[in-house]
Amino acid sequence: MQGMMMNRPLSIISILEYAAEANGDAGITTLETHGEVTKQTYRETYARVGQLAHGLRAMGIEPGDRVATLAWNNRRHFELYYAISGIGAICHTINPRLSAEQMIYIVNHAEDKVIFVDATFLPILAALRDKLPKELRIVVMADHDHMPDTKLEVFCYEGLLDGQKSIYDWPDLDENTASGLCYTSGTTGNPKGALYSHRSSVLHAYMVGTVLGPALPKSEDGSINILPVVPLFHVNAWGLPYAAPIVGASLVMPGPGLDGESLWKLMEAENVNSSWGVPTVWMGLLAEIEKQGRKPKALADVVVGGSAAPRSMIKTFEEMGVNVNHAWGMTEMSPIGTHGVMPPSVNKLPLEEKLDYKQLQGRRCFGVDLKIVDEEGNRQPHDGKAIGELFVRGNAVVSGYFKNDEATEKAIDAEGWFGTGDVASIDENGFLTIQDRAKDLIKSGGEWISSIDLENAAMSHPGIANCAAIGVAHPKWDERPILVAVAAGDSKPSLDELRDHMEVHFAKWQLPDDVIWVDELPLTATGKVSKLTLRQQLGDYKHPEVA
Ligand code: AMP
């Protein structure tokens, strides 16, 4: 027997329509590309999104067309998320840090019709123009007064809105209609596209709202200000543009100001309660907090993911009264898979014991299933000991890659689960520990060493500001771990001192054989330490014992 309930299609525009009415005072503050700070409510934003939708249709954008963005976190980028999906087209966010080759590939692969670009990134487009489709039109995300000088033929964003009606008769779309497209910045090979739908995006927003929403800190009047450092140009800024309007939180968009000093100032001025980003960003903010002698006044929560949050970083935040929520996910999961909201039994523990849990990758969100399997694909127990490749399943997980059957076949197993490429364990209470990306695990003498564990231990030494552990070829042991490190101050700890410091957590054979000091670590387009680049740079490295 079937239930007798209505079946309304889930739609992205309904989120903003709801927020405009029910949470209409909340909204978006933006540090604009030209430096000014602007504010608009969700009510005003919804009206502008209606105008933009008319503007897009006037440009000839049809349902199913891909419309690209190349932009910072700002109000116009947010408006594009809603207007493009609202008319049934697909919002294709492009990461401006991709290589020219990758960018050319994805614009052509996605067959983008229009690209919306921040003035900052116009030179990137100018350099690539010949290799991009001739029909591709360019819209600069600025008002008439801030249009940059350029030889390219461009439209002005505000020009598209001028004179348009703010009411738009949004089409009733099938909830499985594609809404967004984001390419993984695959470290090797061509990027692969995750094609989100209205249904997956709305369910993901519910999920983020229900799991993370109640844990968000509020100001005294009940308002919540969230600063997404995580970019709208990659993995939907962890779903915040969809989840925040539902829970009535305002967004503080940092635009191009992603360095510690700019973030500190904006957080301080705009009473930011919670901020979300990758560990490298927090290193910059922590340095500024040290300089200022205090944290931004309202900051009480940091959501960190994208790569493992070092224990030492979590501790520093917690000691200054900032709760750290360590989450894990990936582009193909919309992206959040697990969250670091702690159960009461952990919350009441003393800090050091609490950190034992906070440094893990948290517990799954409702709606995300996890399994770990051995090399033959056999499920492993969730006992905290068994380690295997992590597979996921859920309504916000990709079922394949956009126009890429070969990659789809490789990624989805016989039971229909998606292989993450991460190696993990899961304990009885559902806590996930990511040991490594499968390709970053270090294999020495037939035994595995987790590079994340080594980095955590090394970074708890006060002399190390940042580091990466990688495996280098060794004639006897196959691979041996070495550290590539950035010093925290002028005096660098010796290898022996580091090994002594790390020894409590490891067997002797697991400790690094060498430390190489560098001024900075190479980063990927998404702000993670690029171990691929490090391995390439160290291609002719000779092990001290062997050299
Ligand atoms: P991306 O698709 O660019 O978001 O990258 C996803 C990958 O980042 C995951 O498969 C993990 O390898 C890594 N990752 C994300 N969050 C974490 C975390 N909290 N700890 C360790 N690795 C993470």
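Residues numbered from 1 in each chain as written. Predicted model: local features only at pLDDT ≥ 70, side-chain atom pairs only at ≥ 80, totals over all residues. Heavy atoms only, no water.

Draft legend 1. Region of the structure containing the domain arrangement of the chain. The domains assigned to the chain are domain 1 (13-358), domain 2 (369-437) and domain 3 (442-537). In this structure, domain 1 and domain 2 have C-alpha centres spaced 27 Å apart. If you look at the interface, domain 1 gives 24 residues, while domain 2 gives 20 residues. Among the residues of domain 1 in contact with domain 2, His109, Trp328 and Glu332 are the three that bury the most area, contributing 31% of the side total. Between Lys403 and Glu111 there is a salt bridge, with its nearest N and O atoms 2.7 Å apart. If you list the elements that add at least two residues to the side of domain 1 that touches domain 2, you get helix H4 (100-110), strand E8 (178-184), strand E9 (192-197) and helix H7 (198-212). A class-by-class count of the residues in the side of domain 1 that touches domain 2 yields 13 nonpolar, six polar and five charged. (Domains from an automatic or database assignment. Contact = heavy atoms within 4.5 Å. Buried area = accessible area lost by both parts, 1.4 Å probe. Salt bridge = Lys/Arg side-chain N within 4 Å of Asp/Glu carboxyl O. Helix = DSSP H or I, 4+ residues; strand = E, 2+ residues; numbered from the N terminus. Nonpolar A, V, L, I, M, F, W, Y, C, P; charged D, E, K, R; others polar.)

Draft legend 2. Here's a closer look at the packing of helix H10 (residues 279-292) against helix H11 (residues 311-319). It is the contact of H10 with H11, at a shortest axis distance of 11 Å, that shows an interaxial angle of 45°. Between H10 and H11, the crossing angle belongs to the class labelled oblique. Once H10 is placed against H11, the crossing between them reads as left-handed. Together, Pro279, Trp282, Met283, Leu285, Leu286 and Ile289 of H10 and Met313, Thr316 and Phe317 of H11 make up the contact between the two elements. (Axes fitted to C-alpha atoms, helices over the stretch in contact; angles between N-to-C directions. Parallel < 35°, antiparallel > 145°, perpendicular 65-115°, else oblique. Left-handed = near helix turned anticlockwise from the far one by under 90°.)

Draft legend 3. Fine view of the nonpolar core. Ranked by internal contacts, the top residues of the largest apolar core, which has 110 residues, are Tyr82, Phe116, Trp276, Trp282 and Phe317. Both domains that meet at this core, namely domain 1 (13-358) and domain 2 (369-437), each give it at least three residues. If sequence neighbours within four positions are ignored, Tyr82 has contacts with Ile12, Ile13, Ile15, Leu16, Val49, Pro241, Tyr242 and Pro245. Of all hydrophobic cores here, the second largest spans 28 residues; its members include Trp72, Met103, Ala142 and Ala178. (Core = buried A, V, L, I, M, F, W, Y, C linked by side-chain atoms within 4.5 Å. Buried < 20%, exposed > 50% of the residue type's maximum accessible area, 1.4 Å probe, protein only.)

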